[in-house]
Every structure is written in structure tokens, then in C-alpha cells.
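An overview of the molecular structure
Here are the chains, one letter per residue:
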There are 2 protein chains.
Amino acid sequence: MSADEHDRLAALYGPLTQDVRDLIEAVLDTDADPASLDAAREAIRTAADALRRRQRDPTQTVRYAVGGRPVVWNNAAIGLRNAVAPPLTIQHGDDGSSCWSEFTLGAAYEGPPGWVHGGVCALVLDHVLGEAASAGLTKPLFTGTLTLRFVRGTPLGRLRAEAAVERTEGVKSFVSGHLSDTDGVTVEAEGIFITPAWARVGE
Amino acid sequence: MSADEHDRLAALYGPLTQDVRDLIEAVLDTDADPASLDAAREAIRTAADALRRRQRDPTQTVRYAVGGRPVVWNNAAIGLRNAVAPPLTIQHGDDGSSCWSEFTLGAAYEGPPGWVHGGVCALVLDHVLGEAASAGLTKPLFTGTLTLRFVRGTPLGRLRAEAAVERTEGVKSFVSGHLSDTDGVTVEAEGIFITPAWARVGE
């Protein structure tokens, strides 16, 4: 897939997915009467039917790439077509072993009222540490362990996550990172990422 | 809120939220032409507008309870009104310190193609361990640390998560649990949960 084709598809599916994210928030906050709820359900099913009229070939397992990086539509953290994803936009450092992301988490990511669900903090950090370890998903790696230390509550709103590879020992990469709001770090993370046996060179 | 009122609202909002989950999956898989995408977007915005016509009072901070347990509409793991949540339905053991959940994760929870995102595994385990530690969210607790060991990949599909309190030392509860598919454990988790200072008795 060329960069132009990628941009074309992102422009086609990005706004649609954002409309679904807006709908998710509207469901959280609605106090509509039953008739309005029924009307909304009908409109939602109409939309889903229109989308299902032509579907991607589910047996097609080709993975497209732009500039060597996989194109991820579905991914639960960064997928441009996935309304479950915030989505995170990952920025990579020039060193190829660090990255960061700035993003907003709204009510759909809530745990305790007003605060980000601790598990959503874990989701974000797992993803960002994995991106740092794999140089933007270009190296095959799997997560071995992930340790999170919750320093304080993470408020809903504007947040930043960052991660960097600390060192590499054989097939293991040791990565650390954190989640922060404007007042500083809220959750610290350490991860060990492992190169799978099939991708080990010279062993 | 009475149990009857809770059931009435769950019947009102549960199917609506499930329709939104179906829509999320339709967006992931669609190959519809631009005109159908535009029609879908218009229907989605119509639905959101109908829902926004009357909204819950955002300043209302009262937390309803059924049988002493908080009612969680928004929660990113279990919220009945939150299409981002799978949602998990948590079953509690009679001992008051263990729980489990059986659930299905579809394409919206994907990381590597065909596999659950590692961060979604972390989200599920954070939540289930927290439920065990807090006796179903009835005790005030916050997560101190969470450690995850990824034993192997977790396939999309039917899964089970479970957790139990191992021991309590002063204000700390030590909880362990795991995620599994039909072939056994895929991710192991250990967490330390801490009673906040304001809830400590006799200190």
C-alpha cells in the first residue's frame, strides 16, 4: 500500500470511526425517553447494515505496510478504524528505541468516577512500551512481563505516555516508561520483551 | 435505586449499547463504497443527536447502589452503557475474596492479527483482581502494583479470567489471578491493592 492509498483510506474511515466514538459518549450520557432510544437504535442498525453490505474478505491475511511499518486498522490501542481505541498516535524518537503519545481519554475510559480505569492505564502502557521495544512494530517481539506501579490516580482528560528501551540482553529487551498528566507521573511501567525463537538470528 | 429500577434501566440501555458494539465491529470489517459510508455516518449522527436531546445532569455525583454494590454504567471493563467495555460480567465466590468472569473478545480487542491485545489482557486482569480485592467494589481500595506474565498469546474468542485474594498484611491485599482459554492459562497476574488512608480504621 502506498502512502497516498493509506492517506485516502484514513480519510475515508477515520471520520466514520470518530462518529462512532461520539455515539459511544452519547450513550453514556443520555437520559432520552424510550421513543428516542428506539429511534436511535433503529438509526444505529441502519448504519451497521449499510456498512455490512460489502465486507472485507475475511480470509485475506495480507498485511499492508507503509514505509516498512504495518498498517493497523483494528488494533485496540491505535486502530484508526477501531472505535474502542482512543486512538493513540505514536511518535517515534530518532534513536529508534523510544516513543511517546499525547492523547485525551474521555468518559468511555473511566474506572472510578472521574478517573481513568487502572486497566486502561495498563493498556496504554503495554502498547507504548511495546512500540518502543519493537521500533514501531517493525521487529517481531512478544511481551514477557509487564509491571505497573500506580503512583496516584490518573484523571480523565489530556495525558501523555512515553517509553524507551533501557538495555538489551540477548533476546530480551528491557523497557521502561510512564503515564503522566500535567502534574507529573501517575503510573510507572517496566516491561521485558522477547524476540520469538523463529526470529532469532544465528542461534 | 431498587433492584427493579436497576433491571428496568439495564433493559433500556443494555440492548442500545449492544447495538453500538455491533456497529463498532461493522466499521472494522466494512468495504462499503463511499456513498454507503456517508449514509452510515449520517445515520450514526442522527442516533447521537436523538440520544443527546436529553442528557443526565453532569453535576449529579450521586452513586446509586443495588445491594450495597455500586451501579457502574460507564466503567471501561464492566459498564453496561459503555460500548468500549466487552463488557465483563463478574461472578463472585461465596468467600467474598474471589471472582471470575467468562466472556468473548472479538476483533475490536485485537493486537497482533487474530490475538487479543496484550494491553486488553492487562485491562481485564486489572479489573478482575480489583474486584476480588475489593469484594465486588464494596471496599475502597486502589491498585498499588500489578505484574503480568504473558505465558503465551491469548486468542480472540471465548475466555475466562479469575482472581483471588492470597493474603492481607495491614493495609495491603495480595491478589493473584489469570486469564485462560480452553487450553489453559495465557496470562498470569499478581497485584497489590491498598486501602486508602481515609478508610483505615483505628490508625
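Everything numeric here is computed off the predicted structure, so don't read it as measured data.

1. Focus: the sheet that holds strand E5 (residues 142-150) of chain B
Here we have twelve strands laid out as an open sheet, ordered E3(A)-E4(A)-E6(A)-E7(A)-E8(A)-E5(A)-E5(B)-E8(B)-E7(B)-E6(B)-E4(B)-E3(B), and antiparallel in their pairing. Strands with a single pairing partner mark the edges of an open sheet, and in this sheet they are strand E3 (91-92) of chain A together with strand E3 (91-92) of chain B. Taken together, the ten bridges between strand E7 (residues 172-181) of chain A and strand E8 (residues 184-194) of chain A define a ladder with antiparallel strand orientation. Note that in E8(A) the partner of A:His178 across the bridge is A:Glu188.

2. As for unusual backbone geometry
Between A:Pro86 and the following residue, A:Pro87, the backbone shows a cis peptide bond with an omega angle of -15 degrees. Here A:Pro87 lies in the loop between strand E2 (69-70) and E3.

3. Observations regarding the pattern of salt bridges
Where charged atoms of side chains with opposite charge meet at close range, the side chains can pair. Throughout the structure, instances matching the rule amount to 18 salt bridges over all chains. One salt bridge in this structure joins B:Arg152 and B:Asp181, with 2.7 Å as the shortest N-O distance. Taken together, the positions of B:Arg152 in the loop between E5 and strand E6 (157-169) and B:Asp181 in strand E7 (residues 172-181) put the pair 29 residues apart, joining distant regions of the chain. A relative accessible area of 32% places B:Arg152 in the partly exposed class. Residue classification places B:Asp181 among the buried residues on the basis of a relative accessible area of 13%. Salt bridges sharing partners connect three or more residues here, namely A:Asp19, B:Arg41 and B:Arg45.

4. Details of the side chain of B:Asp126
In this fold, B:Asp126 is placed in helix H3 (residues 118-133). Although buried, B:Asp126 forms no salt bridge, and the nearest oppositely charged side chain, A:Arg149, lies 14 Å from it. When residues no more than four places from it in sequence are discounted, the contact partners of B:Asp126 are A:His117, A:Gly118, A:Gly119, A:Phe150, B:Thr143, B:Leu146 and B:Phe193.

5. Some details on helix H2 (residues 34-52) of chain B
Taking 1.5 Å of rise per residue, 19 residues should cover 27 Å, and H2(B) covers 27 Å from first to last C-alpha, within 8% of that figure. Within H2(B), the full set of buried residues consists of B:Ser36, B:Leu37, B:Ala40, B:Ala43, B:Ile44, B:Ala47, B:Ala48, B:Ala50 and B:Leu51. Along the axis of H2(B), the buried positions cluster into a sector of 160 degrees, meaning they face one direction only. Residues of H2(B) that are exposed and point over 90 degrees away from its buried face: B:Ala35, B:Asp38 and B:Glu42. Buried residues along H2(B) sit in contact with helix H1 (3-29) and helix H2 (34-52) of chain A together with helix H1 (3-29) of chain B.

6. Here we look at the relation of the copies chain B and chain A
Mapping chain B onto chain A leaves a residual RMSD of 0.0 Å; the transformation is a rotation of 180 degrees accompanied by 0.0 Å of translation along its axis. The superposition of one copy onto the other is thereby described by a two-fold rotation axis. Identified as the residue of chain B closest to the rotation axis by C-alpha distance is B:Thr147, at 2.1 Å. Counting the interface residues of chain B, we find that 100% of their copies in chain A are interface residues as well, pointing to one common contact surface.

7. Some remarks on the packing of helix H3 (residues 118-133) of chain A against H3(B)
A packed helix pair is summarised by two numbers, namely the angle formed by the two axes and the spacing between the axes. Two elements in contact, H3(A) and H3(B), have axes separated by 8 Å at closest approach and are oriented at 160 degrees. Judged by the angle between their axes, H3(A) and H3(B) are roughly antiparallel. When you trace H3(A) past H3(B), the crossing you get is right-handed. Facing A:Gly118, A:Gly119, A:Val120, A:Ala122, A:Leu123 and A:Asp126 of H3(A), the residues of H3(B) in contact are B:Gly118, B:Gly119, B:Val120, B:Ala122, B:Leu123 and B:Asp126.

Reading the values: the criteria
- Residues numbered from 1 in each chain as written.
- Chains lettered and ligands numbered in written order.
- Predicted model: local features only at pLDDT ≥ 70, side-chain atom pairs only at ≥ 80, totals over all residues.
- Heavy atoms only, no water.
- Pairing = 2+ DSSP bridges.
- Helix = DSSP H or I, 4+ residues; strand = E, 2+ residues; numbered from the N terminus.
- Salt bridge = Lys/Arg side-chain N within 4 Å of Asp/Glu carboxyl O.
- Buried < 20%, exposed > 50% of the residue type's maximum accessible area, 1.4 Å probe, protein only.
- Lys, Arg positive; Asp, Glu negative; His and termini not counted.
- Contact = heavy atoms within 4.5 Å.
- Expected span 1.5 Å × (residues − 1).
- Arc of directions from axis to C-beta.
- Least-squares fit on C-alpha atoms with pLDDT ≥ 70 in both.
- Axes fitted to C-alpha atoms, helices over the stretch in contact; angles between N-to-C directions.
- Parallel < 35°, antiparallel > 145°, perpendicular 65-115°, else oblique.
- Left-handed = near helix turned anticlockwise from the far one by under 90°.

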